[in-house]
Amino acid sequence: MGSEAAETATQQTMDLYDAHVMGNYRRLPVVFVRGEGARLWDAEGREYLDFLSGIAVAGVGHAHPRVARAIAEQAATLLHVSNLYYNPLQGELARRLNALTGMEKAFFCNSGAEANECAIKIARKWGKQHRGPECHEIVTFHGSFHGRTMATITATAQPKYQAPFTPLVPGFVYATVGDLAELDEAISERTCAVMIEPIQGESGVQIVPPEFLGAIRALCDEVGCLMIVDEVQSGMGRTGKFLASQHSGVLPDIVTLAKSIAAGVPMGACLARGDAAATLVPGDHASTFGGQYIACASALAVLDVMEDEGLMDRAARVGSYLLAGLRSLADEWPERVAEARGVGLMAALQFVAPCAGEVRAALMERGILVNAVGDRILRMLPPLVIDESDCDRVVAALREVLATLA
Ligand code: PLP
């Protein structure tokens, strides 16, 4: 296709969206048609280095041949039977995820919000069963993000996600990350669980101090409530360990996963141990598509790829290299960069001025995809398959952009 024809095709795609798709996303004017590893190509043939991977979805990279083969073979064999029957893949996937996380039982669904809904339902039922009829409150944290369903926007302690949709779901209490006294105050005999992201991704890679996660575990043990860790964005090896919470040595009662679990095929998982793992019984909870064949086949291939290609160690190694590069920018431009932070391949650059949108756009012009969180934070969640030269390219481009900022 000639470049003019390609531009027309891009415009036609955008026009169709404007006419027929709801306007709940602020989309950038680009149409991606192909991916490979950490690279994407748009409809006009332009190549991009993807430092966002969906939003932490393409952990093993785009179109990984082993994942693609597993999906294609499964699609040609059997796509779906109801969860009224067994399928040969779900049990094996649950076994492997439980082994990697220290959990005992899994429930599969289709997204991060659904995984958190399941965790919330388990916590409420567990509270009533084990601690009495009033025990139903869940403590979550300011700045958190747990999804877009009614219960998970209520768990998400940020008014901007909640305001248009009130009344919210009752039974959520908010505390501040790092403030143990406030958390102590928030927890009562009505509390069935404390729910936290070890790294707040949507708030711009805000890293919860490992000792605070340890203090939550100790408090939960003291009062006898569950600890839920939302690893939807931070899990699946992104931080150099399978779960970000594993850096703190804390073992939660419930872990939620989604995003890169099946490399882009919709899947979420709620994993639990102990009494929490035995809480749901037939009739309590279900999902038509949860744990369906293609998602399980893709997720099993993802785990194989992660293991065989050493992607967790790679995320730790390349992530340190990236962070060193970002920190060098903070050292060079203290009047422009307030902080560089990250764990493994979950990283952010925080600016002094509200220029994140401008920097994101300037990187995109240079063929690099990142994302702006609010107006001062640039977030990077690259596929775990990137290498040091990819980091060099991004840091060099950022250096160039920082030099030209007004
Ligand atoms: N939890 C966390 C920590 C997330 O980052 C997200 C999505 O960004 C979600 C939950 C919701 O996941 P989903 O969009 O798959 O429902």
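Here the structure is a predicted model, which means the values were calculated and not measured.

How each quantity is defined
- Residues numbered from 1 in each chain as written.
- Predicted model: local features only at pLDDT ≥ 70, side-chain atom pairs only at ≥ 80, totals over all residues.
- Heavy atoms only, no water.
- Pairing = 2+ DSSP bridges.
- Helix = DSSP H or I, 4+ residues; strand = E, 2+ residues; numbered from the N terminus.
- Axes fitted to C-alpha atoms, helices over the stretch in contact; angles between N-to-C directions.
- Parallel < 35°, antiparallel > 145°, perpendicular 65-115°, else oblique.
- Left-handed = near helix turned anticlockwise from the far one by under 90°.
- Contact = heavy atoms within 4.5 Å.
- Nonpolar A, V, L, I, M, F, W, Y, C, P; charged D, E, K, R; others polar.
- Salt bridge = Lys/Arg side-chain N within 4 Å of Asp/Glu carboxyl O.
- Buried < 20%, exposed > 50% of the residue type's maximum accessible area, 1.4 Å probe, protein only.
- Domains from an automatic or database assignment.
- Buried area = accessible area lost by both parts, 1.4 Å probe.
- Polar contact = N/O pair within 3.5 Å; in protein donor to acceptor, adjacent residues only side chain to side chain.

Let us now look at the pairing of strand S3 (residues 47-50). Bridging between strand S2 (residues 39-42) and S3 involves three bridges; their strand directions are antiparallel. The residue bridging arginine 39 from the neighbouring strand is leucine 49, located in S3. Hairpin connection between S2 and S3: a loop of four residues separates the two successive antiparallel strands, and glycine 45 in this loop has a positive phi of roughly 85 degrees. As defined by bridge partners, S3 adjoins strand S15 (residues 368-369) across two bridges and the pair is classed as parallel. Bridged to leucine 49 within S15 is isoleucine 368.

Time to look at the packing of helix H3 (residues 65-75) against helix H11 (residues 293-308). Orientation of H3 relative to H11, taken along the N-to-C sense of each, is 155 degrees, at an axis distance of 8 Å. When the axis of H3 is compared with that of H11, the two are roughly antiparallel. H11 is crossed by H3, and the crossing has right-handed handedness. For the pair H3 and H11, the contacting residues are Arg66, Val67, Ala70, Ile71, Gln74 and Ala75 in the first and Tyr293, Ile294, Ala297, Ser298, Ala301, Val302, Asp304, Val305 and Asp308 in the second. Classifying every residue of the contact of H3 with H11 by side-chain character gives ten nonpolar, two polar and three charged.

Turning next to the pattern of salt bridges. Across all of its chains, the model carries 18 salt bridges by this definition. Where arginine 190 meets glutamate 137, a salt bridge forms, and the shortest distance between an N and an O atom there is 3.0 Å. Within this pair, whereas arginine 190 is found in the loop between helix H8 (180-186) and strand S7 (191-196), its partner glutamate 137 is found in strand S5 (residues 137-141), the two being separated by 53 residues in sequence. Residue classification places arginine 190 among the partly exposed residues on the basis of a relative accessible area of 34%. By relative accessible area, which is 12% here, glutamate 137 ends up buried. A salt bridge links arginine 217 to aspartate 221; the nearest nitrogen and oxygen atoms lie 2.9 Å apart. With arginine 217 and aspartate 221 both in helix H9 (residues 210-223) and four residues apart, the pair spans about one turn of that helix. Sharing partners across several salt bridges, the network here consists of Arg217, Asp221, Asp253 and Arg273.

Moving on, we come to the domain arrangement of the protein chain. Domain boundaries in the protein chain define domain 1 (3-60 + 310-404) and domain 2 (67-308). Distance from the C-alpha centre of domain 1 to the C-alpha centre of domain 2: 27 Å. Domain 1 puts 27 residues into the contact, and the matching count from domain 2 is 28 residues. In total, about 2,100 Å² of surface goes out of reach between domain 1 and domain 2, with carbon and sulfur atoms giving 66% of it. Summed over the shared surface of domain 1 and domain 2, the result is one salt bridge. The partner of arginine 379 in a salt bridge is glutamate 202, with the nearest N and O atoms 2.7 Å apart. If you look at where domain 1 meets domain 2, you find 13 residue pairs in polar contact (both at pLDDT 80 or more).

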